[in-house]
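The lines below spell out each chain.
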Amino acid sequence: MNVITSADQNFEPSNDFEFPNNHKVFYKGKKNIVFNHKVINEKPVLQKRKFSSFKSFLIRATPKIFIRAFVLISSLFKGYEEFPHWSKKVLEDYQNDIQGWKPDIIFSSYSPIDSHILASKISKELEVPWVAEYRDCWSFNTMGFSENQNDFLSLFLRKKEREILKGCQLILAATPFIKEYYQKFFDKNVELLLGGWEEETKVSTASFGIEDSRLEILHLGSMLHGTRSLEPIIELLERYPELQKKYHFSFVGRDTDLFINKVKNSHLTKSISLSKHVTFNQSEKLGLSTDILLILMKNTPMEKYTLTGKIFEYIKFQKPIICIDPFESEVSNFIKNFKMGYVIKSVDELASLLKSKESINDFIKISDIDRLKFKRSEQISNILNILPSTLRDFHNH
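Notes on the structure in this doc start here. Residue numbers run consecutively from 1 along every chain, following the written order of its sequence. Note on the predicted model: pLDDT of at least 70 is required for a residue's local features to be given, and 80 or more for side-chain atom pairs to be given and counted; whole-chain, interface and lining totals, by contrast, use all residues. Only heavy atoms go into the side-chain values, all of them from the structure, while hydrogens and water stay out.

1. Description of the overall build of the protein chain
So, point 1. If you tally the helices and strands in the protein chain, you get 17 helices and 12 strands.
So, point 2. Every one of the 397 residues in the protein chain was classed for burial, and the buried ones make up 43%.
So, point 3. We call two residues in contact whenever any of their non-hydrogen atoms come within 4.5 Å of each other. The long-range fraction of contacts in the protein chain, counting pairs at least 24 apart against all pairs at least 6 apart in sequence, stands at 69%.
So, point 4. Looking at the protein chain as shown, the accessible area adds up to about 21900 Å², and 52% of this sits on carbon and sulfur atoms. Counting from the N terminus, the helices are DSSP H or I runs at least four residues long and the strands are E runs at least two residues long. Per-residue accessibility, obtained with a 1.4 Å probe over protein chains only, is compared with the maximum for each type, and a residue is labelled buried under 20%, exposed over 50%, and partly exposed between these values. In short, Shrake-Rupley with a 1.4 Å probe defines the accessible areas, and a residue's cover is counted only from the protein chains shown.

2. Here we look at the environment of glutamate 238
So, point 1. Residue position: glutamate 238 is located in helix H9 (residues 231–239).
So, point 2. Using a relative accessible area of 47% as the deciding quantity, one classes glutamate 238 as partly exposed.
So, point 3. A sequence separation of 28 residues divides glutamate 238 from serine 266, and the C-alpha atoms of the two residues are 7.7 Å apart.
So, point 4. In this structure, glutamate 238 is in contact with Ser266 and Leu268, ignoring residues within four places of it in sequence.

3. Some remarks on helix H12 (residues 310–317)
So, point 1. Within H12, seven of the eight residues are buried, which leaves it mostly tucked inside the rest of the structure.
So, point 2. Along H12, the positions that sit buried rather than exposed are Lys310, Ile311, Phe312, Tyr314, Ile315, Lys316 and Phe317.
So, point 3. Considering only its buried residues, H12 is in contact with strand E7 (215–220), helix H11 (280–289), strand E10 (292–296), strand E11 (321–324), helix H13 (330–337) and helix H15 (368–373).

4. Some points on H11
Since there are 3.6 residues in each turn of an α-helix, residues three or four apart along the chain are aligned in direction.
So, point 1. Within the sequence span of H11, burial applies to Ser283, Glu284, Leu286 and Gly287. All buried residues of H11 project into a common sector of 165° when viewed along the axis, lining one side.
So, point 2. The inward-facing, buried residues of H11 abut E7, strand E8 (247–252) and H12. The reported arc concerns the directions from the helix axis to the C-beta atoms and nothing else.

5. Observations concerning the layout of surface pockets
So, point 1. Of the two site types, the cavity is a set of points on a 1 Å grid over the protein atoms alone where a 1.4 Å probe fits but cannot get out, and the pocket is an open set with protein on both sides within 12 Å along at least five of seven lines, each lined by residues with an atom within 4 Å of a point. Grid points are joined across faces, edges and corners, and a volume is the space filled by probe spheres set on the points. When its volume is computed, the second largest pocket comes out at roughly 300 Å³.
So, point 2. Lining of the second largest pocket is provided by 16 residues; of these, Pro232, Met297, Asn299, Ile324 and Pro326 occupy positions nearest its centre.
So, point 3. Going through the elements one at a time, H9 and helix H14 (347–356) are the ones with two or more residues in the lining of the second largest pocket.
So, point 4. With three residues, H9 is the largest single contributor of residues to the lining of the second largest pocket.
So, point 5. Each residue receives one of three labels: charged for Asp, Glu, Lys and Arg, nonpolar for Ala, Val, Leu, Ile, Met, Phe, Trp, Tyr, Cys and Pro, and polar for the others, Gly being one of them. Grouping the constituent residues of the lining of the second largest pocket by class yields eight nonpolar, four polar and four charged.

6. Quick word on the pairing of strand E9 (residues 272–275)
Here is the key point about a regular strand: its side chains alternate between the two faces of the sheet.
So, point 1. Where E8 meets E9, four bridges bridge the pair, whose relative direction is parallel. Its bridge partner being in E9, serine 250 is matched across the sheet by serine 273.
So, point 2. Running through helix H10 (residues 260–265), the crossover from E8 to the neighbouring parallel element E9 is right-handed. A pair of strands is considered paired only if DSSP assigns at least 2 bridges between the two. If you view a crossover with the strands going away from you and the path from the first strand over the helix to the second runs clockwise, you call it right-handed.

7. A word on the packing of H9 against H14
So, point 1. Running from N to C, H9 and H14 cross one another at 60°; their axes reach a closest spacing of 10 Å. What the angle tells us is that H9 and H14 run oblique. Crossing handedness for the pair H9 and H14: right-handed. Facing H9, whose interface residues are Pro232, Ile233, Glu235, Leu236 and Arg239, H14 presents Val347, Asp348, Leu350, Ala351 and Leu354. All axes are obtained by fitting lines to C-alpha atoms, using only the stretch in contact for helices, and the reported angles, taken between N-to-C directions, cover 0 to 180 degrees. Angular relationships are summarised with four words: roughly parallel below 35 degrees, roughly antiparallel beyond 145, roughly perpendicular across 65 to 115, and oblique for the angles in between. Crossing handedness is read from the near helix: turned anticlockwise from the far helix by less than a right angle, it gives a left-handed crossing, and turned clockwise, a right-handed one.

8. Quick notes on the pattern of salt bridges
So, point 1. Put simply, a salt bridge is a Lys or Arg side-chain nitrogen that is within 4 Å of an Asp or Glu carboxyl oxygen. For the structure on display, the rule yields 14 salt bridges.
So, point 2. Note that lysine 160 is salt-bridged to glutamate 163, the shortest N-O span being 3.7 Å. In this pair, lysine 160 and glutamate 163 both sit in helix H7 (residues 152–164), three residues apart, roughly one turn of the helix.
So, point 3. In this structure lysine 160 comes out as partly exposed when scored by relative accessible area, which is 22%.
So, point 4. Lysine 316 serves as the salt-bridge partner of glutamate 284, at 2.6 Å between the closest nitrogen and oxygen. In this pair, glutamate 284 is assigned in helix H11 and lysine 316 in helix H12, connecting sequence segments 32 residues apart.

9. Points about the sheet that holds E9
So, point 1. Ordered in space as E9-E8-E7-E10-E11-E12, the six strands form an open sheet in which the pairing is parallel. The open sheet terminates on both sides in strands that have one partner only, identified here as E9 and strand E12 (341–344). The sheet shows a mean angle of 20° between the axes of neighbouring strands, direction not considered.
So, point 2. With respect to the sheet, H11 is in contact with E7 and E8, its orientation differing from that of E7 by roughly 145°.
So, point 3. On top of the sheet, H13 reaches E10, E11 and E12; it is set at about 145° to E12, its chief contact.

10. Concerning the packing of aromatic side chains
So, point 1. Any pair of Phe, Tyr and Trp rings, taking the six-membered ring for Trp, is counted once the centres come within 6.5 Å. Such a pair is stacked with planes under 30 degrees apart, edge-to-face with planes over 60 apart, and tilted for the rest. Scanning the model with the defined rule gives 18 aromatic pairs in all.
So, point 2. Their ring planes at 65° and their centres at 5.5 Å tell us that phenylalanine 334 and phenylalanine 338 sit as a pair that is edge-to-face.
So, point 3. Classification of phenylalanine 334 as buried rests on a relative accessible area of 10%.
So, point 4. By the ring-pair criterion, three or more aromatic residues cluster together here, those being Tyr110, Tyr134, Phe140, Phe177, Tyr181, Tyr182, Phe185, Phe186 and Tyr305.
So, point 5. Over the ring of phenylalanine 185 we find arginine 158; its NZ or CZ atom is 3.8 Å from the centre of that ring.
So, point 6. Only Lys NZ and Arg CZ are tested; either one counts as a charge over a ring when it is within 6 Å of the ring centre and within 35 degrees of the ring normal. Just above the ring of phenylalanine 363 sits the side chain of lysine 357; from NZ or CZ to the centre is 5.9 Å.

11. What to know about the sheet that holds strand E5 (residues 170–173)
So, point 1. On the basis of which strands lie adjacent, the open sheet formed by four strands has the order E3-E4-E5-E6 and parallel pairing. With one partner strand each, in any of the chains shown, strand E3 (106–110) and strand E6 (190–192) form the two edges of the open sheet. Pairwise comparison of adjacent strand axes, ignoring direction, gives a mean angle of 25° for this sheet.
So, point 2. With five bridges joining them, E3 and strand E4 (residues 130–134) adopt parallel strand pairing. Within E4, the position partnered with tyrosine 110 by the bridge is tyrosine 134.
So, point 3. Its contacts with the sheet put helix H6 (residues 114–126) on E3 and E4, and the angle it makes with E3 is roughly 160°.

Shape descriptors only; they carry no functional weight alone.
The structure is reproduced here in structure tokens:
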């Protein structure tokens, strides 16, 4: 396999390939900035942190109608590519990079949409079939600006997306909703490719630094510029202080620093800890070490379309899962269907659950049989059974 990627995507061949030396990865971008972890001086880091906080504030505060208008105007004047310089570099270099090697099939993954635009051009030039994977919808971006499948911006982007996907032979959808969307609006073969978990690396467990018998509840993942909020947990521990003696909450991931002051002002620093983004191996250690795993969904009706990717890592850890979700998202249905844990809609409901349990053995978790269904190898095997017909259809056409 040859992979063309951007350095800032943190692609890790040692984790992503069983035999890394059999494959090639071509980074397009300033790789040294991402992978050289030395701090040259503190001023740029501080400036970056301040800009990140301001950006997070804008994302939280700006009404979606203005975001939609910005995206529309940007698309009209700048084009649809998010990273045009990266795209240009890929097109200039790819034939020299692969040195005459011709793939049997091209895979591209959104986001960004640049990947699909590039794949459409390269597959045409090389005359090979193309499979497009979607982790989110592009023209109906439920994680970003969209609120209605038929608003003007969604209609506008969908028209362009049909042009982009004209030469695509197969769409792989990461969630049932994404599959339904592309089947409904695009005349393409669409298959479901759920995420999955990889075999554990040989890692030891990690300590949370809690020197008592409290149960550890861990949230792994980004707080999405603060649109995922710790406020339900803060409210829980303030209204039900007896729970502070039974449970400790840890939040690990990007944008957790946005909540430092709220935790301090609530005098909950002994009950809530915040940590920045960690490596894949570190997060695996934490997941294997915790007692309970937590999912926080955003407090918006658009979350009903979301099947957060972290659920598959959580399945690997095989710990009880608590999902705080007021809007019955896809991930909530997933948790219920496979009896992975609990879906909670309110602070009072969460308090009742936590107070009712005497020990970790009282919580439910996914069964061994269901857990194995979500190994990544199982998911990929399903797709490999489909690819021969995709190749045949392309060559027959």
